[in-house]
Amino acid sequence: MSDEEEDFDKEEFVTLISSDGFKFIISKEIAEVSGTLRNMLGTSFQEAESNRITLHEIDGVLMEKIIQYLHYNFQYKDQVDVPEFDIPTEMALELLVAADFLDV
């Protein structure tokens, strides 16, 4: 991959790393649905420069569901008739805590 391609990828995508080491590469636009991630990426901190954010409190299974919700929120942000987002009962409390932390 050329330096130019790396710069393009670096600017357009963000790598989210879960507490158990799973890496999720998503578009920066989707990541910025989260107020917390948007603030981390909009500063001069290391996360903004590397476009890599490690979330030590969120495991891979939970992170996958959060990313699904970020996509869902982005897809339906300006619509009135929005389908229901499925939240497994066993994840509800963890998702609530993560949503509060991520400001979504």
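Per an unreviewed UniProt entry, the protein chain is named Elongin-C, and its organism is Komagataella pastoris. Per UniProt, the comment on the protein chain under Sequence similarities (unreviewed entry) is "Belongs to the SKP1 family."

Caption draft 1: Molecular detail of the packing of aromatic side chains. Scanning the entire structure with this criterion turns up four aromatic pairs. Between the aromatic rings of Y69 and F85, the centroid separation amounts to 5.2 Å while the plane-to-plane angle is 75 degrees, which identifies the pairing as edge-to-face. Placement of Y69 in helix α5 (residues 60-75) and of F85 in the loop between α5 and α6 (92-102) is noted, with a sequence separation of 16 residues between them. We classify Y69 as partly exposed; its relative accessible area is 26%. Residue F85 is classed as buried on the basis of its relative accessible area of 19%. Of the aromatic side chains, those joined through ring pairs into one cluster are Y69, Y72, Y76 and F85. One Lys or Arg, K65, reaches over the ring of F85 and ends 5.0 Å from the middle of that ring.

Caption draft 2: Structural context of the UniProt feature "domain: SKP1 component POZ" (unreviewed entry) in the protein chain. Within this structure's numbering, the places UniProt gives as "domain: SKP1 component POZ" (unreviewed entry) are residues 13-73. This span, residues 13-73, is 49% helix and 21% strand, and a straight line between its end C-alpha atoms measures 18 Å.

Rules and cut-offs
- Starting from 1, residues in each chain are numbered consecutively following that chain's sequence as written.
- Thresholds applied to this predicted model are a pLDDT of at least 70 for local features of residues and 80 or more for the giving and counting of side-chain atom pairs; totals over whole chains, interfaces and linings are not thresholded and use all residues.
- Side-chain numbers here rest on the full set of heavy atoms in the structure, without hydrogens or water.
- UniProt positions are given in the numbering used here, feature names are shortened, and annotations may be inferred rather than shown by experiment.
- Put simply, two rings from Phe, Tyr or Trp (the six-membered ring, in Trp's case) pair if the centres are within 6.5 Å, and we call them stacked under 30 degrees between planes, edge-to-face over 60, tilted for the rest.
- Secondary structure elements follow DSSP: runs of H or I no shorter than four residues count as helices, runs of E no shorter than two count as strands, and numbering proceeds from the N terminus.
- Only protein chains enter the calculation, and the probe is 1.4 Å; a residue is then buried if its accessible area is under 20% of its type maximum, exposed if over 50%, and partly exposed in between.
- For a Lys NZ or an Arg CZ to count as sitting over a ring, it must be within 6 Å of the ring centre and within 35 degrees of the ring normal.

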